[in-house]
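Structure at a glance
Here is how the chains run, residue by residue.
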Amino acid sequence: RSINPSKEEIAILSQITKAPIDEFKEFLEEDERPRLEIQKYLQLIFRTPFIEDGEVITVPVSVFVYGNCVVTVEKQRTGALDYIEGLVKQGRRRFLFKKSPITFLIYFVDKVNDEFFAKIDSIADTVDLFREKKSLDKEMMEKVYSLSVTLAFFNRSLMANIEVLNHLRKAYFRLFTPKDKEQFEELYFDALQILDTEKVQRE
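These numbers were taken from a predicted model, which means no experiment stands behind them. Counting restarts for each chain, with residues numbered from 1 along the sequence as it is written. Where totals are concerned, whole chains, interfaces and linings use all residues; where local detail is concerned, this predicted model gives features only for residues with pLDDT of at least 70, and gives and counts side-chain atom pairs only at 80 or more. To get the side-chain values, all heavy atoms of the structure are used, and hydrogens and water are removed first.

**Here's the deal with the overall build of the protein chain**
Put simply, DSSP marks the helices as runs of H or I at least four residues long and the strands as runs of E at least two long, and each gets a number from the N terminus on. Secondary structure summary: the protein chain contains six helices and five strands in total. For the protein chain, the succession of helices and strands along the chain, N to C, is β-α-α-β-β-β-β-α-α-α-α. Along the first, second and third principal axes, the C-alpha set of the protein chain runs to 60 × 40 × 35 Å. Buried means the residue's accessible area, taken with a 1.4 Å probe over protein chains only, is under 20% of the maximum for its type, while exposed means over 50%, and partly exposed covers the values in between. Counting every position in the protein chain, which comprises 203 residues, the buried fraction comes to 45%. Contacts: residue pairs with any heavy atoms within 4.5 Å of one another. For the protein chain, the share of sequence-separated contacts (at least 6 apart) that also reach a separation of at least 24 residues comes to 61%.

Right, here's the structure in full:
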């Protein structure tokens, strides 16, 4: 796991993953959209919820797979990888590193989907509280507007993530097994359901 790596660290990561240094620089310097790149290595860029100054936005995470190695790159610490790191430190989920690196990739995507669903569910609870009020004051109206902006961010990010998952479930990579492809398929449909939930809540 690498967070905002230095030039020296990027050079080492490039050697480990066989990915060009420019791939790391572009990720760190730009607000990249989700995408899938398959060369000798696999690179997945996926957006995940992130809390910044009390506001929920989405940020990209880059996952590289080469051989038996998995490298994740973030500009700042994200919830999905914090969760996985915490479990591993507790001695749980060690299977993620004993099986194929694709096992980690699948687990990571699943956790990102969970993050989106949890945040949308939390917004739904807040809106339900507002519905119980007979009238909304200025502060509540501002909160409703803020939630609608958050859901708009989620909509764009989820649609981009889904596009990547659609490519992933159809892609060929030498480490993919039939079981992996089935799980990518499930993650794709999970993300579609989350998008539907987001749309209903936004309306």
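There is more to say, and it comes next.
**Quick look at the environment of serine 100**
Within the fold, serine 100 resides in the loop between helix 3 (79–89) and helix 4 (101–132). For the pair formed by serine 100 and valine 56, sequence separation is 44 residues and the distance between their alpha carbons is 33 Å.

**Section: the nonpolar core**
Here, the term nonpolar core denotes a set of buried Ala, Val, Leu, Ile, Met, Phe, Trp, Tyr and Cys residues that are joined through side-chain atoms within 4.5 Å. Formed by 41 residues in total, the largest nonpolar core has its most connected members in Leu42, Leu44, Phe108, Leu165, Phe176 and Phe184. Secondary-structure elements contributing two or more residues to this core are strand 3 (42–52), strand 4 (55–66), helix 3, helix 4, helix 5 (138–170) and helix 6 (178–202). No other element matches helix 4, which puts twelve residues into this core. Those residues in contact with leucine 165 that sit more than four places away from it in its chain are Phe46, Val109, Leu187, Tyr188 and Ala191.

**Points about the environment of proline 34**
Mapped onto the elements, proline 34 comes out in the loop between helix 2 (21–29) and strand 2 (35–38). For proline 34, a relative accessible area of 8% corresponds to the buried category. Separated by 68 residues in the primary sequence, proline 34 and isoleucine 102 have C-alpha atoms spaced 18 Å apart. Apart from residues no more than four positions distant in its own chain, proline 34 is found in contact with Ile45, Phe46, Arg47, Ala160, Asn161 and Val164.

**Here we look at the packing of helix 1 (residues 7–17) against helix 2**
Axes, fitted as lines to C-alpha atoms, cover a helix only where it is in contact. Angles between the N-to-C directions of the axes lie from 0 to 180 degrees. Where helix 1 contacts helix 2, the two axes come as close as 8 Å, and the packing angle between them is 125°. Classed by the angle they form, the pair helix 1 and helix 2 counts as oblique. Seen from above, helix 1 lies across helix 2 with right-handed handedness. Across from Ile10, Ala11, Leu13, Ser14 and Thr17 in helix 1, the residues of helix 2 making contact are Ile21, Phe24 and Leu28. Here the contact of helix 1 with helix 2 is built from residues that sort into six nonpolar, two polar and no charged. An angle below 35 degrees is treated as roughly parallel, one above 145 as roughly antiparallel, one from 65 to 115 as roughly perpendicular, and anything else as oblique. Throughout, a crossing is termed right-handed when the near helix is turned clockwise from the far one, and left-handed when it is turned anticlockwise from it by less than a right angle. When residues are grouped by polarity, Ala, Val, Leu, Ile, Met, Phe, Trp, Tyr, Cys and Pro land in nonpolar, Asp, Glu, Lys and Arg in charged, and all others, Gly among them, in polar.

**Here's the deal with the side chain of serine 62**
Within the element layout of this structure, serine 62 appears in strand 4. Here serine 62 falls in the buried class, since its relative accessible area comes to 0%. The definition of a polar contact used here is a pair of N or O atoms within 3.5 Å, where within protein one atom must be able to donate a hydrogen and the other to accept one, and adjacent residues in sequence count solely through side-chain atom pairs. One polar contact links serine 62 to glutamine 43, side chain to side chain, over a distance of 3.0 Å.

**Overview of the environment of alanine 19**
Assignment of secondary structure puts alanine 19 in the loop between helix 1 and helix 2. Separated by 21 residues in sequence, alanine 19 and lysine 40 have C-alpha atoms that sit 8.2 Å apart.

**Comments concerning the sheet that holds strand 1 (residues 2–3)**
Strand order in the open sheet formed by five strands is 1-5-4-3-2, with mixed pairing between adjacent strands. The sheet is open, and its two borders are formed by strand 1 and strand 2, each paired with just one other strand. A pair of strands is treated as paired once DSSP finds two or more bridges between them. Where strand 3 lies against strand 4, eleven bridges are found, and the strand directions are antiparallel. Looking across to strand 4, one finds that isoleucine 45 is bridged to serine 62.

**A look at helix 6**
Multiplying one less than the number of residues by 1.5 Å gives the expected span of a helix. With 25 residues, helix 6 should reach 36 Å at 1.5 Å per residue; the first-to-last C-alpha distance of 36 Å fits that figure. Those residues of helix 6 that fall on the buried side of the exposure criterion are Asp180, Phe184, Leu187, Tyr188, Ala191, Ile194, Leu195, Glu198 and Gln201.

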